[in-house]
Amino acid sequence: MPGPNRAPRGGYAKPKNMGRTIRRLAGYLTRSKLPLLMVLLFLVLSVGTNLGGSYIMRSIINNFIWSGCTDFAGLAQAVLVLVVVYVAGCAAAYGQSAVMVRLAQRGVNRLRKDLFDKLQALPLSYFDQHPHGELMSRFTNDADNVQMALEQSVVSLCSSVLMFAGLVSMMLFINWKLFLVTALLLAVTIVLFKTLGGRSRKFYRAQQSALGDMNGEIQEIIEGLKVVKAFTHEEQAKADFRALNTAYRDAAQKANFYSIMIMPVSGNLMNISYALTAAFGGLLSVLQGFDLGGLVVYLNYSKQVGQPLNQISQQMTTLLKWPKTVVFMPYVVFLAFIVAYAIMEIYEEIMVLSGSKKYTDMMLEASKSEAEQAIEASLAQEDLDLSHIDYGGDK
């Protein structure tokens, strides 16, 4: 029954203006321009070294392992370069995390200060219509979620997007035919993330709403404990808390279930993709001379390509509500573009192979016609006067 500090709540819902909300949150980070620029540079360097280090293995396998070369000095130099690249990547990842933690802490510190200043300016009616526990939850649970999002989710999301784009680009560069197998499994994985991630976000919102209700109930019961005792309201208080606690448990259980289920299912899909890619890559190596180093590097990339999508889905689950098109549409469009490009390449290659003989015959006929026309034109000319030429004999 609604009363003082016990008004119904609207729950956690999508912001009325998503763009404005994102800009306001980003404003707590962008006040420090130089550290933010350092985070971006470290992020790009970390992704670049991860991709480049794997690609260096291609030349090592082809030039020193597969070819049976005994140039151990060259092999040691190549391995040293590989070690330097990975060490630089580790240093970039450490610098990115260290700087981002400080940025997030400063941003959330300013957020709590602005929130407290706003609280002082609110009318008394606002406090009568909202449970005190809910207001306290804004400063603790919600602020902590924002801090975790700024520290980990934002950076992980940007890193995953860059890594996904880089992996797809490198796989296309190595062998676009082999990428068709990977693209098929990626499409299935994206549909899986869309389904499971949407359900997880739904129950995550319910979890946060139930947590605020439960905190408000606990705070009210503790403050009014004398009244509860005086009117023997203990059993009713227990029943109310049991219902709120059960609602929170159910929402949290379902949210975590769908969120945790994404990783093993996507891992199995990536294993299937790895096996199919290895089989098709072996055929390309035998039939078309695809190099072993390129196949090994491509298999390594195909094993990693599911991880960015998994991380993106998990990070988006921590947000209360995002439009589905914002999360998945860029990847669907990107994959559609890649598949269309591959199909066009296959079509052009088929057309070239099927029409090569016809094209060659046409070129030969054209050349023959041009030669015949030149001969006929020469014969049609007037007879030349050759009387002035001395052949060195009797005339």
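Chemist: Residues and numbers for the nonpolar core, please.
Modeler: Core analysis: the largest hydrophobic core is formed by 35 residues, its most contacted members being Val168, Met171, Phe179, Tyr301 and Val305. Secondary structure elements with two or more residues in this core: helix 2 (33-65), helix 5 (132-174), helix 6 (176-223), helix 8 (234-288) and helix 9 (292-304). Considering each element in turn, this core owes the most residues, twelve residues, to helix 6. Core analysis: the next-biggest nonpolar cluster, separate from the first, contains ten residues, Val99, Leu103, Leu150 and Val155 among them.

Chemist: So what about the packing of aromatic side chains? Which residues, and what values?
Modeler: If you walk through the whole model with that rule in mind, you get four aromatic pairs. Ring centres of Tyr55 and Phe173 lie 6.1 Å apart, and the angle between their planes is 55°; on these two criteria the pair is classed as tilted. Within this pair, whereas Tyr55 is found in helix 2, its partner Phe173 is found in helix 5, the two being separated by 118 residues in sequence. Taking 6.0 Å as the distance between ring centres and 5° as the angle between the ring planes, the aromatic pair formed by Phe203 and Tyr258 counts as stacked.

Chemist: Can you explain helix 9? Please cite residues and give values.
Modeler: For helix 9, with 13 residues, the first-to-last C-alpha span of 19 Å sits near the 18 Å given by 1.5 Å per residue. Within the sequence span of helix 9, burial applies to Gly293, Gly294, Leu295, Val297, Tyr298, Leu299, Tyr301, Ser302 and Gln304.

Chemist: Requested: an account of a nonpolar patch on the surface, with residues and values cited.
Modeler: There is a patch of nonpolar side chains on the surface, built from Leu34, Leu37, Met38, Leu40 and Leu41 and spanning about 480 Å² of accessible area. Inspection of the secondary structure assignment puts Leu34 in helix 2. Here Leu34 falls in the exposed class, since its relative accessible area comes to 58%.

Chemist: Any chance you could break down the side chain of Ser54 for me, citing the residues and the numbers?
Modeler: Tracing the sequence through the fold places Ser54 in helix 2. Looking at Ser54, its side chain comes within polar contact range of the main-chain oxygen of Asn50, at 3.3 Å. If we ignore the near neighbours within four places in the chain, the residues touching Ser54 are Tyr86, Val297, Asn300, Tyr301 and Gln304.

Chemist: Would you mind going over the confidence of the model for the chain in detail, with residue names and values included?
Modeler: Across the chain, the average pLDDT comes to 75, with 74% of residues at or above 70. Taken as a whole, residues 1-12 scores under 50 in pLDDT and shows 30 contacts with residues more than four places along the chain or in a different chain. Here residues 378-384 is a poorly scored stretch, pLDDT under 50, and it has zero contacts once near neighbours within four places are set aside; other chains count.

Chemist: Give me the lowdown on a positive patch on the surface, citing residues and values where you can.
Modeler: A surface patch of like charges, here positive, comprises Arg20, Arg23, Arg24 and Lys118. Here the element with the most residues in the positive patch is helix 1 (residues 18-30); it accounts for three residues. Considering the arrangement of structural elements, one finds Lys118 in helix 3 (residues 72-120). Judged by relative accessible area, Lys118 falls into the exposed class, the value being 53%.

Chemist: Provide a residue-level description of the packing of helix 8 against helix 9, including the pertinent values.
Modeler: Across the interface, helix 8 lies against helix 9 with an axial gap of 10 Å and an inter-helix angle of 165°. The angle between helix 8 and helix 9 falls in the class roughly antiparallel. Crossing geometry of helix 8 relative to helix 9 is assigned as right-handed. For the pair helix 8 and helix 9, contact is made by Met270, Asn271, Tyr274, Thr277, Ala278, Gly281, Gly282 and Ser285 and by Leu295, Tyr298, Leu299, Ser302 and Lys303, respectively.

Chemist: Kindly report on the environment of Arg112, identifying the contributing residues and their values.
Modeler: Along the chain, Arg112 turns up in helix 3. A residue is classified by how much of its surface remains accessible, and Arg112, at 28% relative accessible area, is partly exposed. Here the alpha-carbon distance between Arg112 and Arg138, two residues 26 residues apart in the chain, equals 9.1 Å.

Criteria and cut-off values
Residues numbered from 1 in each chain as written. Predicted model: local features only at pLDDT ≥ 70, side-chain atom pairs only at ≥ 80, totals over all residues. Heavy atoms only, no water. Core = buried A, V, L, I, M, F, W, Y, C linked by side-chain atoms within 4.5 Å. Buried < 20%, exposed > 50% of the residue type's maximum accessible area, 1.4 Å probe, protein only. Helix = DSSP H or I, 4+ residues; strand = E, 2+ residues; numbered from the N terminus. Phe/Tyr/Trp six-rings, centres within 6.5 Å; stacked < 30°, edge-to-face > 60°. Expected span 1.5 Å × (residues − 1). Patch = residues over 30% accessible without salt bridge, like charges linked within 9 Å, V, L, I, M, F, W, Y side chains within 5 Å. Areas by Shrake-Rupley, 256 points an atom, 1.4 Å probe, with all protein chains shown as cover. Salt bridge = Lys/Arg side-chain N within 4 Å of Asp/Glu carboxyl O. Polar contact = N/O pair within 3.5 Å; in protein donor to acceptor, adjacent residues only side chain to side chain. Contact = heavy atoms within 4.5 Å. pLDDT = per-residue confidence, 0-100. Lys, Arg positive; Asp, Glu negative; His and termini not counted. Charge placed at Lys NZ, Arg CZ, Asp CG, Glu CD. Axes fitted to C-alpha atoms, helices over the stretch in contact; angles between N-to-C directions. Parallel < 35°, antiparallel > 145°, perpendicular 65-115°, else oblique. Left-handed = near helix turned anticlockwise from the far one by under 90°.

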